[in-house]
Amino acid sequence: MARMKFICDAERCIECNGCVTACKNEHEVPWGVNRRRVVTINDGVPGERSMSVACMHCSDAPCMAVCPVDCFYRTDEGVVLHDKDLCIGCGYCFYACPFGAPQFPQAGAFGLRGKMDKCTFCAGGPEKNASEDEFRKYGRNRLAEGKLPLCAEVCSTKALLGGDADVLADIYRQRVTTRGKGADIWGWSTAYGKPDAPAQQPEAGGKS
Amino acid sequence: MTDKDNLNTNLKRRHFLLTAGVGGVGAAAPVVAVRSTGDAAPATDATAKNETGGYRMTEHIANYYRTARV
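Just so it is clear, the structure is predicted and the values come from calculations on it, not from any experiment.

Chemist: Looking at this structure, I do not really get the overall build of chain B. What am I missing?
Modeler: Each helix and strand counted, chain B has two helices and zero strands in total. Put simply, chain B has 70 residues, and 11% of those count as buried. With the model as given, the accessible surface of chain B reaches about 5,600 Å², and the carbon-plus-sulfur share is 64%.

Structure below.
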């Protein structure tokens with residue numbers, strides 16, 4: 001049985017937020033909830049990296065471990081899902097998750113915290129596949145349609161990969177062995193220069 | 001009535017019981033089969049979501065993997 005995983009190639013991510021937008025639109029995620037977001041470290045500094053982050057569907061998921069009502073379950077493909085009918089909105093999973101994946105709609109009065117919402121790997125929920133209830137609670141079930149998560153499919157640079165972990169590992173391994181790493185990567189000296197070959201300076205006396 | 005007649009009578013009753021027993025088992029067999037089928041039905045329903053709605057290699061997904069290798 002294939003095991004579903006996301007992997008984000010930080011060398012390719014250009015922080016376009018296309019994955020974030022596609023996810024919100026596909027699942028009609030309400031305001032204030034972001035199932036996916038792009039995190040940038042060392043922003044503006046040479047060597048900055050961006051990475052698209054959502055639920056990583058952990059093999060030993062801490063959210064499952066701490067949930068007091070045991071509303072989480074794992075599908076045969078390794079996708080971690082939850083039952084919104086059981087969720088009490090306590091927020092334990094939010095504190096336990098190292099990726100900040102669980103989200104809580106806060107549109108209610110007095111800071112009411114609604115049912116938890118998170119990335120479903122476009123696999124829906126416990127309801128009948130492609131049913132109206134499933135869409136309303138969890139969004140589209142693209143896996144049932146024979147497709148992969150939309151965030152990965154729309155990624156213009158193919159930085160965000162989603163699907164069978166074995167296939168993704170092969171793809172990523174092939175990329176790393178082809179392009180090298182760090183300053184060996186194509187385009188690095190153009191963008192940032194190299195210590196032994198600094199970027200070409202504009203000629204003196206040129207147009208200012 | 002002699003003892004021999006009693007013996008024949010007893011044997012006839014045994015044949016009757018034997019026939020009824022075999023017939024009863026035969027009649028009960030379809031019922032058991034139907035009940036077994038009935039028990040198996042929910043299991044099929046429970047796995048139906050995974051069989052029809054889980055990840056499977058489609059042309060769409062194969063095309064995605066192919067383009068991701070670029």
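Chemist: For this particular structure, what's the right way to read the nonpolar core?
Modeler: Within soluble globular proteins, side chains that are nonpolar tend to cluster in buried spots. Within the largest apolar cluster, 33 residues are counted, with the highest numbers of intra-cluster contacts made by L148 and L160 of chain A together with Y55 and Y65 of chain B. Among the secondary structure elements, those contributing two or more residues to this core are strand 1 (4-8), helix 1 (18-27), helix 5 (150-154), strand 6 (160-164) and helix 6 (165-179) of chain A together with helix 2 (59-68) of chain B. The dominant element in this core, judged by the number of residues it contributes, is helix 2 of chain B, at four residues. In this structure, Y55 of chain B is in contact with A2, M4, E77, L143, L148 and D164 of chain A together with I61 and Y65 of chain B, ignoring residues within four places of it in sequence.

Chemist: When you look at the side chain of R36 of chain A in this model, what are you seeing that I'm missing?
Modeler: All names here are of chain A. Locating R36 in the fold gives a position in the loop between helix 1 and strand 2 (37-41). Among the polar contacts listed, one links the side chain of R36 to the side chain of S52, at a separation of 2.7 Å. Here R36 is in contact with F6, C19, V20, S52, V53, A54, C151 and L160, once residues within four sequence places are set aside.

Criteria and cut-off values
- Residues numbered from 1 in each chain as written.
- Chains lettered and ligands numbered in written order.
- Predicted model: local features only at pLDDT ≥ 70, side-chain atom pairs only at ≥ 80, totals over all residues.
- Heavy atoms only, no water.
- Helix = DSSP H or I, 4+ residues; strand = E, 2+ residues; numbered from the N terminus.
- Buried < 20%, exposed > 50% of the residue type's maximum accessible area, 1.4 Å probe, protein only.
- Areas by Shrake-Rupley, 256 points an atom, 1.4 Å probe, with all protein chains shown as cover.
- Core = buried A, V, L, I, M, F, W, Y, C linked by side-chain atoms within 4.5 Å.
- Contact = heavy atoms within 4.5 Å.
- Polar contact = N/O pair within 3.5 Å; in protein donor to acceptor, adjacent residues only side chain to side chain.

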